Amino acid sequence: GATVVAGVAGNPVRHSLSPVLHNAWLEAAGLDGVYVAFCPPADNFERFANGLRGGAIRGLNVTLPFKEAALAVSDRATPRAETAEAANLLLFEADGTITADNTDGLGLLGAFAHQAPGFDARSGPVVILGAGGAARGAAAAFKEAGAPQVRIVNRTLAKAEFVAGALGVVGRAYALDASDEALSGAAAVVNATSAGLTNGGRLDVSLKATPEAAVIMDMVYQPLITPFLAEAQALGRRTVDGLEMLIRQAAPSFEAFFGRPPPESADVRSLALRALEQKT
Ligand code: NDP
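Residues numbered from 1 in each chain as written. Predicted model: local features only at pLDDT ≥ 70, side-chain atom pairs only at ≥ 80, totals over all residues.

Undergrad: Teacher, can you tell me more about the overall build of the protein chain here?
TA: In terms of helices and strands, the protein chain carries eleven helices and twelve strands. Here the C-alpha atoms of the protein chain give a radius of gyration of 19 Å, agreeing with the 19 Å that 2.2 N^0.38 yields for 280 residues. Each principal axis of the C-alpha atoms in the protein chain carries an extent, and together these give about 55 × 35 × 35 Å. Taking all 280 residues of the protein chain together, the buried fraction comes to 46%. Long-range pairs, those at least 24 residues apart, make up 64% of the contacts in the protein chain between residues at least 6 apart in sequence. (Helix = DSSP H or I, 4+ residues; strand = E, 2+ residues; numbered from the N terminus. Rg over C-alpha atoms; globule rule 2.2 N^0.38 Å. Buried ≥ 20, exposed ≤ 12 C-beta atoms within 10 Å, placed from the backbone. Contact = placed C-beta atoms within 7 Å.)

This is the structure:
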């Protein structure tokens with residue numbers, strides 16, 4: 001058969017680590033495939049995706065700011081993409097249609113399973129900081145995993161109330177200045193805000209109110225140890241990082257593109273860490 005082509009679409013896409021991960025897996029597996037980065041215009045993802053229908057590309061990972069547009073352009077979507085109201089994976093079928101999926105929830109739970117072994121989402125309330133697309137997906141994943149309560153903390157309370165409302169009886173909403181109340185008794189805390197990024201400002205939350213056994217996770221991975229994770233480690237809490245989530249959401253995408261799970265032999269985490277160092 002022909003070389004299988006897949007890629008990632010984002011704007012900007014220069015900093016994406018997805019090509020590093022997928023190409024290392026391709027090489028280790030000895031597969032005839034390539035994985036490339038695309039930077040479509042920020043205001044017209046639809047035109048870009050429609051142009052790829054029925055053509056030579058097998059699929060795309062989708063990152064900022066296209067996750068909602070990716071779901072909108074698709075002809076069918078998995079329940080988890082519908083729930084997240086966003087897609088990070090598009091498959092271009094031979095009949096010209098597009099299937100949307102979202103593997104971010106798998107990535108999040110996979111990262112917990114790997115870096116916080118024994119963590120059980122059913123053991124107590126889970127706190128999500130933020131109410132954007134990433135927060136929505138995380139909340140849905142923890143609800144699905146059996147969290148008895150999912151607490152949404154957001155700077156803009158109305159958005160937290162909206163996300164918590166969509167979760168039904170397990171959802172609770174908190175303003176940012178009520179974060180101590182939300183953190184008390186928490187089994188896990190996930191930063192799903194963009195605060196901590198170079199342009200995002202600082203996250204005004206203290207982790208002192210968390211129980212000793214709480215697991216703290218940051219979806220942001222640049223730097224790998226964010227101020228948020230540094231505080232968690234200083235308090236002696238177990239932590240999970242955003243790079244592990246990125247790797248664990250990429251694995252099911254690789255399987256969808258290339259027809260087999262990524263080979264265990266490739267140490268993609270070390271490669272990604274090296275690439276991160278070069279980019280900062
Ligand atoms: P959105 O822009 O949709 O949401 C941003 C959220 O951050 C909002 O809730 C916003 O609050 C909050 N926020 C921004 N700045 C601050 C601040 N200074 N203080 C408090 N809250 C703030 O982004 P996404 O949901 O798409 O992504 C969130 C983060 O998750 C990004 O950094 C992204 O890179 C990361 N991510 C990582 C993944 C991984 O695999 N590791 C996967 C997916 C996302 P408000 O509503 O008040 O504006």
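That shown, we press on.
Undergrad: Would you explain the sheet that holds strand 1 (residues 4–9) in this entry?
TA: Backbone-to-backbone hydrogen bonds pair the strands of a sheet. The strands run either parallel or antiparallel. Ordered in space as 2-1-3-5-6-4, the six strands form an open sheet in which the pairing is mixed. The two strands at the open ends of the sheet, each matched to only one other strand, are strand 2 (33–38) and strand 4 (76–77). Relative to strand 3 (residues 57–62), strand 1 is paired through five bridges, and the arrangement is parallel. Within strand 3, the position partnered with Val5 by the bridge is Ile57. Docked against the sheet, helix 1 (residues 18–29) engages strand 1, strand 2 and strand 3, running at close to 175° with respect to strand 2. Sheet contacts for helix 10 (residues 242–258): strand 1, strand 2, strand 3 and strand 5 (89–92); angle to strand 3, the most-contacted strand, approximately 165°. (Pairing = 2+ DSSP bridges. Axes fitted to C-alpha atoms, helices over the stretch in contact; angles between N-to-C directions.)

Undergrad: Explanation requested: the nonpolar core in the structure shown.
TA: Generally speaking, soluble globular proteins have nonpolar side chains that are buried together. Counting residues in each nonpolar core, the largest one holds 88 residues, and the members touching the most others are Ile128 and Ile152. A per-element tally of this core places helix 10 first, with eight residues. Two domains each donate at least three residues to this core, and these are domain 1 (4–102 + 247–279) and domain 2 (105–243). (Core = buried A, V, L, I, M, F, W, Y, C linked by C-beta atoms within 7 Å. Domains from an automatic or database assignment.)

Undergrad: Help me understand the UniProt feature "active site" (unreviewed entry) in the protein chain, please; the structure alone is not making it clear to me.
TA: Within the UniProt annotation, "active site" (unreviewed entry) is assigned to Lys67. Tracing the chain through its elements places Lys67 in helix 3 (residues 67–73). On the neighbour-count criterion, Lys67 (25 C-beta atoms within 10 Å) is buried. For Lys67, the residues in contact, after removing those within four places along its chain, are Val62, Ala86, Ala87, Asn88 and Gly133. (UniProt positions renumbered as here; feature names shortened; annotations may be inferred.)

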